[in-house]
Amino acid sequence: MDDSSFTFGKKEKLCSRKTIDLLFSKGRGFMAYPIRVQVLPVKELPEDVPVQAMFSVSKKRFKRAVKRNLLKRRMRESYRLNKHNLYNVIEHNDLQLAVAFLYISGDEMDYHSIDKGMKKAIEKLVAKIEKNEFTP
RNA sequence: ACAGCAGGCCGGCUUGUCGCCCAAAGGGGAGGAAAGUCCGGACAACACAGAGCACUGCGCUUCUUAACGGGAAGGUGGCUGUAAAGUCACGAAGGUGUAGCAGAAAAUUACCGCCUUUAGAGGUAAGGGUGAAAAGGUGGGGUAAGAGCCCACCGGAUCUUGUGGUGACAUGAGGUGCCGUACACCCCGCAGGUUGCAAGACCAUGUAUAUCGCGGUACUCAUUUGAGUACGGAAUGGCUCGUUCCGGUUCUUUUUACAGAUGCCGCGAAGGGUAGGUCGCUAAAGGGAUUAGGUAACUGGUUCCGCAGAUCAAUGACAAGCCCCUUUUUAUCAGGGACAGAAUCCGGCUUACAGGCUUGCUGUUUUU
RNA sequence: CGGGAUGUAGCUCAGCACGGUUUAGAGUACUCGUCUGGGGGGCGAGGGGUCGGAAGUUCGAAUCUUCUCAUCCCGA
């Protein structure tokens, strides 16, 4: 684990509209309540990082932009602090992934509950990688 | 002191750990509404010789402003309130229309009643019920019975005129019996080209070409057309005139010549493709303090500051302390801290909002 | 982010516009009756609406005005 492993810069964010479209049409998903994860192995990410991630909260479930922003920020914070495990595994397997985290629950949860969910999600994802589900 | 009316301001604070965006040097990083997108501008692209009509919006006065349907101060009337105040309406002059049901009648009214009269017929708005609204009100005279028919007072309207005010208007004097209500339209004045930063400009990527315009080549072959006007069509536009552009009839048939167009090539438009980047993009009708003018909105001067610019989208998470609120006699503990997140930028309006501070005014009660 | 449209019976729509006053209407679905031995289908009758919500104008609002809440569409 190096020093920069708690950062979450622009390089690690999933920005390309094209890859997002591809992720939701071809990627595979699983649940880790209150989060739904959508994953796709990508050949050529534009930046030299193992994972590009994005976070999303439905407008239907939360009308107010303030609440959506708050939940996205909590998810991002939790991902930032827990991602090192995922990075290690991926570098071992020589992969690049595009990942989306969608907030599914209908009510506003505090940071600790979201953190629990995020840890569970990453564990599941790591397990799937170790079973070689994403190697083509 | 309590209750209330009108206005202004604030919109938790501090520290630590780990992070994000812009700049690359320090530094800076959500709001009063960033919201709704209801008005008005700036800015950009496109359109545009001009004139008239229509449509839409606004409509008391004076001022304010880049502009406004906003704001300030003020006027008149209706409604609400004991009051402070709030709210709605208001265009010189004039014209037209509508008012279901009920009711005699919704505006040149006559069912009952009253009066004249043999009857037919006529007069009448005092009384009646209907309705949202019923012919200014009270008293007296008058009359067949009644009525502004006449008179007094009161409430309006209108004309003449004096005074005050920049003005809307206010107020005094005199004249005229002139006297229902509500709404809408006509009319008058002012404003309005359209679309919006996903506007628009540039770069990168780059695959067949339907179609249209311009230029060139070939005139071998095939097809087709032939001056001008009436006329028709298109563009401009909400519509009309006008302007500009295009088409093209002429009794029929044949031959020849000339010129043009299409089939070929190039360029441009369009179409198709791309979904990446740069600019627009933040210094602005800017903000704070102070001062001068003005009742005020606002304007001028001086001085200081340089104040978010993301692009699937930053401005955060966690912890501790303080502050405020709720429960509790108090403290501890526990729970909670409104509405809400920039997206081209400004000026307003409207809507949402815990709690707190503050100025002026009104009413009631008590004391002096 | 910008622009625009629509909310009426369980469902799909009329009626709204410039004109305010009718019992808010049609199709389908539902219930009952009837024709049939029964089903389907036909015929007849019936129930079901605070016209998305709240204020205002008016004697009177689904309709006009203002605010508000949903849903949908278009734009590099």
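The rules behind each value
- Position numbers for residues start from 1 in each chain and track the written sequence from start to end.
- Key to labels: chains lettered from A, ligands numbered from 1, both in the order written.
- The model is predicted, so local features are restricted to residues of pLDDT at least 70 and side-chain atom pairs to those at 80 or more, both for listing and for counting; the totals for chains, interfaces and linings are taken over all residues.
- The side-chain figures draw on all heavy atoms in the structure; neither hydrogens nor water molecules are used.
- Under the scheme used here, helices are H or I runs from DSSP no shorter than 4 residues and strands are E runs no shorter than 2 residues, and both carry numbers assigned from the N terminus.
- The rule is simple: take the accessible area with a 1.4 Å probe, protein chains only, and divide by the maximum for that residue type; under 20% is buried, over 50% is exposed, in between is partly exposed.
- In what follows, a contact means two residues having at least one pair of non-hydrogen atoms within 4.5 Å.
- Near, as used in this document, describes a residue that has one of its heavy atoms within 4 Å of the molecule or strand being considered.
- Pairs of N or O atoms are called polar contacts if they sit within 3.5 Å, as long as, within protein, a hydrogen donor faces a hydrogen acceptor (for residues adjacent in sequence, only side-chain-to-side-chain pairs).
- Every axis in this analysis is a line fitted to C-alpha atoms, fitted for helices over the stretch in contact. Angles between the N-to-C directions lie between 0 and 180 degrees.
- Our angle categories are set so that under 35 degrees counts as roughly parallel, over 145 as roughly antiparallel, 65 to 115 as roughly perpendicular, and the remainder as oblique.
- Should the near helix be turned anticlockwise from the far one by less than a right angle, the crossing is termed left-handed; should it be turned clockwise, right-handed.
- Lys, Arg, Asp and Glu make up the charged group, whereas Ala, Val, Leu, Ile, Met, Phe, Trp, Tyr, Cys and Pro make up the nonpolar group; the residues left over, Gly among them, are polar.

*Asks:* Help me get a handle on the overall build of chain A, residues and values and all.
*Replies:* Across its full length, chain A holds four helices and four strands. For chain A, the N- to C-terminal ordering of α and β elements is α-β-β-β-α-α-β-α. For chain A, the residues scored as buried account for 43% of the 136 residues in total. Excluding contacts between residues fewer than 6 apart, the proportion of contacts in chain A whose partners are at least 24 apart in sequence is 80%.

*Asks:* Please provide a residue-by-residue account of the protein's contact with RNA strand B, values included.
*Replies:* Around RNA strand B, the structure places 23 residues, and the nearest of them are Lys10, Lys13, Lys18, Arg73 and Arg76. Near-protein atoms of RNA strand B (within 4 Å) split between backbone and bases, with sugar and phosphate holding 79%. Contact distances for RNA strand B include 2.8 Å between a phosphate oxygen and a side-chain N or O atom of arginine 73. For RNA strand B, a base nitrogen lies 2.8 Å from a polar atom in the side chain of glutamate 77. Those elements that place two or more of their residues in the surface near RNA strand B are helix 1 (17-26), helix 2 (65-82) and helix 4 (111-130).

*Asks:* Could you give an account of the packing of helix 2 against helix 4, with specific residues and numbers?
*Replies:* Across the interface, helix 2 lies against helix 4 with an axial gap of 9 Å and an inter-helix angle of 50 degrees. When the interaxial angle is binned, helix 2 and helix 4 end up oblique. Between helix 2 and helix 4 the crossing geometry is right-handed. Contact residues: helix 2 offers Leu71, Arg74, Met75, Glu77, Ser78, Tyr79, Leu81 and Asn82, while helix 4 offers Tyr111, Ile114, Asp115, Met118, Lys119 and Ile122. Grouping the constituent residues of the contact of helix 2 with helix 4 by class yields eight nonpolar, two polar and four charged.

In short, geometric facts, not functional conclusions.
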